[in-house]
Amino acid sequence: VTELRRLGEVNDLLRALQSLSRSLPARLDLTDVLASTRDQIRRITEYSAFVVLLRQEATSDWSVALADGTPLDRTLADAALPEPAVVALAEDRAVLELDLITKDEAGLSPSCRSALYIPLMARDRVTGLLALEHRRPRVYGSDEVRILSGLATPVALAVDNAVMFSRIRTLAAEEERARIAR
């Protein structure tokens, strides 16, 4: 019975992952992409804080694209990132922290104890960071790491596409204004 229940849960998670993977590439609005990602991840696992940071190419800082469950400034410097997040970005892999307090660490949300940090890679470069944190220790495990790591690539591509589309839209509007002014 326990094994059947576990298989049912895995099936539900895979269905959610498939649904998100199908819908993300078609979306070109960053807010829509992030909201869809948050909603699907909420169906997969619980969290106290869900954060998506995007790398700003011009300044090398991080912009907070989405912060659910924790108040953050609009931008963060590399020095403001938790150490496990820095490791995730440097090693291009998901980093799981079972209990931040025992390692004398703090997450993006100071009240959280367990965390999962996943780099978002698109077109051979880091485009962002996905962070899930929870107030309880040992909430996340290898199942969440595996599933959310698989989700990272389609999310990264969808985010990157939405950011590029926004830039193109802005450039087109500026070009149109210049044309009208001429």
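Please refer to the structure higher up on the page.
Below is a short write-up of the structure. Note that this is a predicted model, so its numbers are computed, not measured. (Residues numbered from 1 in each chain as written. Predicted model: local features only at pLDDT ≥ 70, side-chain atom pairs only at ≥ 80, totals over all residues. Heavy atoms only, no water.)

Here we look at the overall build of the protein chain
Each helix and strand in the protein chain was counted, giving 4 helices and 6 strands. When the helices and strands of the protein chain are listed from N to C terminus, the series reads α-α-β-β-β-α-β-β-β-α. For the protein chain, the C-alpha radius of gyration of 18 Å lies close to 16 Å, the compact-globule estimate for 182 residues. Burial status across the protein chain gives 41% buried among its 182 residues. Placing the 24 positive and 27 negative side-chain charges of the protein chain at their respective mean positions leaves the two points 5 Å apart. (Helix = DSSP H or I, 4+ residues; strand = E, 2+ residues; numbered from the N terminus. Rg over C-alpha atoms; globule rule 2.2 N^0.38 Å. Buried < 20%, exposed > 50% of the residue type's maximum accessible area, 1.4 Å probe, protein only. Lys, Arg positive; Asp, Glu negative; His and termini not counted. Charge placed at Lys NZ, Arg CZ, Asp CG, Glu CD.)

Focus on unusual backbone geometry
For Arg-123, which is not glycine, the phi torsion reads 55° and is therefore positive. Among the secondary structure elements, Arg-123 is positioned in the loop between strand 5 (114-122) and strand 6 (125-134). For Arg-123, a relative accessible area of 44% puts it in the partly exposed group. One non-glycine residue, Arg-138, adopts positive backbone phi at about 55°. Position of Arg-138 among the secondary structure elements: in the loop between strand 6 and helix 4 (142-181).

Section: the environment of Lys-103
Structurally, Lys-103 can be placed in the loop between strand 4 (95-97) and strand 5. Looking at Lys-103, the relative accessible area reads 52%, which means it is exposed. Each C-alpha atom, one on Lys-103 and one on Leu-157, is 33 Å from the other, the two residues being 54 residues apart in sequence.

Thoughts on the pairing of strand 6
The buried count for strand 6 comes to 8 of 10 residues, which makes it a mostly enclosed element. Pairing of strand 5 with strand 6 involves 9 bridges; the strand directions are antiparallel. Looking across to strand 6, one finds that Pro-119 is bridged to Leu-129. Connecting strand 5 to the next strand, strand 6, in antiparallel fashion are 2 residues, including Arg-123 with a positive phi near 55°. (Pairing = 2+ DSSP bridges.)

A word on the packing of helix 2 (residues 30-44) against helix 4
The interhelical angle for the contact between helix 2 and helix 4, taken along N-to-C directions, is 165°, at an axis separation of 9 Å. Comparing the axis directions of helix 2 and helix 4 gives the class roughly antiparallel. Where helix 2 crosses over helix 4, the two elements pack in a sense that is right-handed. Residues Leu-30, Val-33, Leu-34, Thr-37, Ile-41 and Ile-44 of helix 2 pack against Ile-147, Leu-148, Leu-151, Val-155, Ala-158, Val-159, Ala-162 and Val-163 of helix 4. Classifying every residue of the contact of helix 2 with helix 4 gives 13 nonpolar, 1 polar and no charged. (Axes fitted to C-alpha atoms, helices over the stretch in contact; angles between N-to-C directions. Parallel < 35°, antiparallel > 145°, perpendicular 65-115°, else oblique. Left-handed = near helix turned anticlockwise from the far one by under 90°. Contact = heavy atoms within 4.5 Å. Nonpolar A, V, L, I, M, F, W, Y, C, P; charged D, E, K, R; others polar.)

Regarding the nonpolar core
Core analysis: the biggest nonpolar cluster contains 25 residues, and Ile-41, Phe-50, Val-52, Leu-130 and Leu-132 have the highest contact counts within it. Taken together, the elements giving at least two residues each to this core come down to helix 2, strand 1 (49-55), strand 5, strand 6 and helix 4. The biggest single contributor to this core is helix 4, with 8 residues. Those residues within four positions of Leu-132 in sequence are excluded, and the remaining contacts are Ile-41, Thr-45, Tyr-47, Ala-49, Phe-50, Ser-114, Ala-115, Leu-116, Tyr-140 and Leu-148. Judged by nonpolar contacts, the second largest core, of 16 residues, contains Leu-76, Ala-88, Val-95 and Ala-115. (Core = buried A, V, L, I, M, F, W, Y, C linked by side-chain atoms within 4.5 Å.)

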